[in-house]
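Examining the three-dimensional arrangement
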Amino acid sequence: MKEIFKNIPEIKYEGRDTKNPLAFRYYDADRVIMGKKMSEHLPFAMAWWHNLCAAGTDMFGRDTADKSFDVEKGTMEHAKAKVDAGFEFMKKLGIKYFCFHDVDIVPEAEDINETNRRLDEITDYILEKMQGTDIKCLWGTANMFSNPRFMCGAGSTSSADAYCFAAAQVKKALELTVKLGGKGYVFWGGREGYETLLNTDVKFEQENIANLMRMAVEYGRSIGFTGDFYIEPKPKEPMKHQYDFDAATAIGFLRQYGLDKDFKMNIEANHATLAGHTFQHELRISAINGMLGSIDANQGDYLLGWDTDEFPYDVYESTMCMYEVLKAGGLTGGFNFDAKNRRPSNTYEDMFHAYILGMDTFALGLIKAAELIEKGELDAFVEKKYSSFNSEIGQKIRSGKSTLCELAAHAEKLGVCPPVQSGRQEYLESVVNRALFG
Ligand code: XUL
Ligand code: CO
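Below is a short write-up of the structure. Numbers given for residues are sequential positions, taken from 1 along each chain in its written order. Each chain is given a letter, starting from A, and each ligand a number, starting from 1, according to the order in which they appear as written. Restriction of local features to residues with pLDDT of at least 70 applies here, the model being predicted, together with a cutoff of 80 or more for giving and counting side-chain atom pairs; totals for whole chains, interfaces and linings are based on all residues. With hydrogens and water set aside, each side-chain value is computed from the structure's full complement of heavy atoms.

Moving on: the environment of L119. Every helix listed is a DSSP run of H or I at least four residues long, and every strand listed is a run of E at least two residues long, numbered separately from the N terminus. With respect to the element layout, L119 can be found in helix α5 (residues 112–130). Classification of L119 by relative accessible area gives buried; the value is 2%. Only heavy atoms enter the contact rule, under which two residues are in contact if any of them lie within 4.5 Å. In contact with L119, not counting residues within four places along its chain, are D102, I105, V106, K172 and L176. Each residue gets one of three labels from its accessible area relative to the maximum for its type: buried under 20%, exposed over 50%, partly exposed in between, using a 1.4 Å probe on protein chains only.

Listed below in structure tokens is the structure:
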């Protein structure tokens, strides 16, 4: 097999003081943290679309990177070259998972029957490549946003025919996910939203989306898919308003339509910030509802109002992310780098630097989050903050059986409310800084 990423060695852990730019400084796969290996805490995944397909084209300019891998693009030979490149890439980095959309792995044909034939062929090839490795599929999905037939939505479309094409793609993508042993299946609703309410029946569209998801669950379970379905919330882009706005909205939707037993959240950092939340907020909301499934690990830009899909370098953010993940007892899914190199970072070497950065950022976040949890200062503070609820009246409130009359009687007996304890935010922020910077 021809080597594609020549001059790039296997990336190894060399510690923080190494001078080697192509080495991990923090990601030490076998290091045990809070009873588990780093590699188990951090099941990293490669996103097929960014890493093997996207080559830098943006609204103002064409490709800057060469992702042809020496084969003519748009051919099945090229699709296979991407598989070769992907597996060499993952092996060199020690990445054990990949995520894909149907049309990331083959060039889409005019006729869906031909696309499906190509998908069968390429997944046979992927399966072959998987043999003898410990690389697996984290999740699969159907791209129901690029093809013009989805211009008015996929599950939310106004065309019953386009709806059937969405159903056909979900069916096929589920079959491929099962074939590749995928742990999850994602719905990201890029076209499931609206530009104007003047032409939109929101209730009708939401019912149709829920129906598509119901059919996906029924079919998936019937062909042996035992993993989790995920909704990946995003408030906007490409649509002005997307129905899966944020975790709270998506969880409410799933409960409304009885889908909450089969679905969890796939939380993406940059989507959280677009929704006006922190990454940590979205993780916390998912976790307290028992729906923290998987993570799209990336980072946005606070100066820009769109999804920049940057590789994560902000250790404060990754620490707070890992704090939530550790508190939730881990993920059933993994950490998919839904991130792309900046357009001028256009060499093969840059692809490796990007993943080394992302993996080290999360490894360091894991180390720091574990330190915060083990020191216990934050937990102790939170426990103390609510300790007035350990009193008789507090217990009564917590039992959910109190009445307004009883509580009013308590307040009236006191007459004046005793001082409420400080929230100590600035002190707690310094606790986090100390863990991060010593
Ligand atoms: C788009 C996005 C998607 C999903 C999968 O913002 O995040 O790539 O992760 O469709
Ligand atoms: Co994503």
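This is not the end of the story, as more comes after the structure.
This next bit is on the sheet that holds strand β14 (residues 335–337). On the basis of which strands lie adjacent, the closed barrel formed by eight strands has the order β5-β6-β7-β8-β10-β12-β13-β14 and parallel pairing. Strand-to-strand, the axes of this sheet are offset by a mean angle of 30°, without reference to chain direction. Note: strand β8 (residues 184–187) against strand β10 (residues 228–231), four bridges, orientation parallel. Along β10, the bridge assignment pairs G184 with D228. When DSSP locates at least two bridges between a pair of strands, those strands are taken to pair. Note on method: axes are straight lines fitted to C-alpha atoms, helices fitted across the in-contact stretch only, with angles between N-to-C directions ranging 0 to 180 degrees.

The next subject is the nonpolar core. If you look at the biggest cluster of nonpolar residues, it comprises 117 residues, and the most contacted ones within it are W48, L93, F98, F335 and F362. Excluding anything up to four places from it in sequence, F335 contacts H41, L42, P43, F44, A45, L138, I295, A297, C321, M322, V325 and F362. Grouping buried Ala, Val, Leu, Ile, Met, Phe, Trp, Tyr and Cys residues that are joined through side-chain atoms within 4.5 Å yields what is termed a nonpolar core.

Over its 18 residues, helix α3 (residues 76–93) extends 26 Å from the first C-alpha to the last, a length consistent with the 26 Å expected when each residue adds 1.5 Å. For α3, the buried fraction is high: 15 of the 18 residues fall into the buried class. Immediately beyond the C-terminal end of α3, within one or two residues, lies G94, with a positive phi of roughly 70°. Helices are assigned an expected span. That span is 1.5 Å times one less than the residue count.

Distances from the cobalt ion (ligand 2) to its protein donors, namely E232 (OE), E268 (OE), D296 (OD) and D338 (OD), fall within the range 1.9 to 2.1 Å. With six donor atoms in place around the cobalt ion (ligand 2) and angles of 80 to 172° between them, the coordination shape is octahedral. Between the donor residues of the cobalt ion (ligand 2), the gaps in sequence give the motif E-x35-E-x27-D-x41-D. Of this pair, D296 sits in strand β13 (residues 292–296) while D338 sits in the loop between β14 and α12 (348–375), and the two are 42 residues apart along the sequence. Exposure remark for D296: the relative accessible area of 0% places this residue in the buried category. Coordinating donors are taken as N, O and S atoms within 2.8 Å of the metal, stretched to 3.2 Å for Na, K and Ca; because water is absent from the atoms, sites can appear incomplete. All geometry calls rest on donor angles, where a four-donor set with angles between 85 and 135 degrees is tetrahedral, four- and six-donor sets with opposite donors more than 155 degrees apart and all others between 65 and 115 are square planar and octahedral, and all else is irregular.

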